[in-house]
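Letter by letter, the chains look like this.
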Amino acid sequence: MTARTLNLVIEVPVPIREKVCSVIRNLILNGRLKPGERLKENRLAEEIKTSRTPVREALHLLEREGLLESIPRVGYQVRPLRWDEVEEICAIRTVNETLAARWALKRMTRKELSALEQNIIDSGKEVEAGDPKAFVERDAEFHEILARASGSRRLLELCQMLRRHMLRYRIESLYRKETALVAIEGHRKILECLRKKDEKGLESALREHLEFAKQSIQTQIDWDKQE
């Protein structure tokens, strides 16, 4: 009898707490759960249609991520917006993404360069067509391609986490056409430097792009009301 390979694949199911965590995380990042808003386990469980245990576990995970904070004898609330946190996130993100870009410069394939170019084309069309909200996903996709091209899974994970935290502050500004168009131009400069293998220009373009993101957060949020 000839031996044959069965190629059996056992898919590992995603724990319910991680699914719940993903749902609540997206509600926070998309602004549907507001800064300072208190979260009740029973209400969330009812809305998500699950038991309270995975909700409790998900809230704990999100606290560890820094999206929620625990209030003694009350529960959890969405972490308030703080300018010092914005500055910290931007500084760390700049270091990580600059490193990712330098590594990507040496390893990026033609296919990845083409994907970045197509991303910019699609972004511009959608924003000009009156759909600036679509740029939130396009912006994430652009930075995802760039970080993935670094070849470092660990660096990719760090960049993804920091971008998610920054999105909570920046999402409203990205919904504005004028902000999206400036950000797209920043992406275009980054791509041009990648094509030219211009490392210094790439670092400068990336820092300028992230500095613009920081400034857009500073000017479009009433920080006096966040105290």
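Refer to the preceding data block for the structure.
Let me sum up the structure you'll find in this document. These numbers come from a predicted model, not from an experiment. (Residues numbered from 1 in each chain as written. Predicted model: local features only at pLDDT ≥ 70, side-chain atom pairs only at ≥ 80, totals over all residues. Heavy atoms only, no water.)

1. Quick look at the pattern of salt bridges
Counted according to the given criterion, the structure contains 21 salt bridges. Arg102 serves as the salt-bridge partner of Glu199, at 3.9 Å between the closest nitrogen and oxygen. In this pair, Glu199 is assigned in helix 9 (residues 199–220) and Arg102 in helix 4 (residues 83–107), connecting sequence segments 97 residues apart. On the accessibility criterion, Glu199 (33% relative accessible area) is partly exposed. Linking Arg138 and Asp122 is a salt bridge whose minimum nitrogen-to-oxygen distance equals 3.7 Å. (Salt bridge = Lys/Arg side-chain N within 4 Å of Asp/Glu carboxyl O. Helix = DSSP H or I, 4+ residues; strand = E, 2+ residues; numbered from the N terminus. Buried < 20%, exposed > 50% of the residue type's maximum accessible area, 1.4 Å probe, protein only.)

2. What to know about the environment of Asn26
Inspection of the secondary structure assignment puts Asn26 in helix 1 (residues 16–29). Look at Asn26 and you get partly exposed, because its relative accessible area is 38%. Note: C-alpha distance between Asn26 and Gly66 (40 residues apart in sequence) is 14 Å.

3. Things to note about the nonpolar core
Membership of the largest hydrophobic core comes to 45 residues, with the highest contact counts inside it found for Ile24, Leu39, Leu59, Leu68, Ile190 and Leu194. The element contributing the most residues to this core is helix 8 (residues 177–196), with seven residues. Every residue in contact with Leu59, bar those within four places of it in the chain, is listed here: Ile24, Leu39, Glu41, Leu44, Leu68 and Tyr76. Of all hydrophobic cores here, the second largest spans 10 residues; its members include Val86, Met166, Tyr169 and Ala213. (Core = buried A, V, L, I, M, F, W, Y, C linked by side-chain atoms within 4.5 Å. Contact = heavy atoms within 4.5 Å.)

Interpretation note: all reported values are geometric properties and have no functional meaning in isolation.
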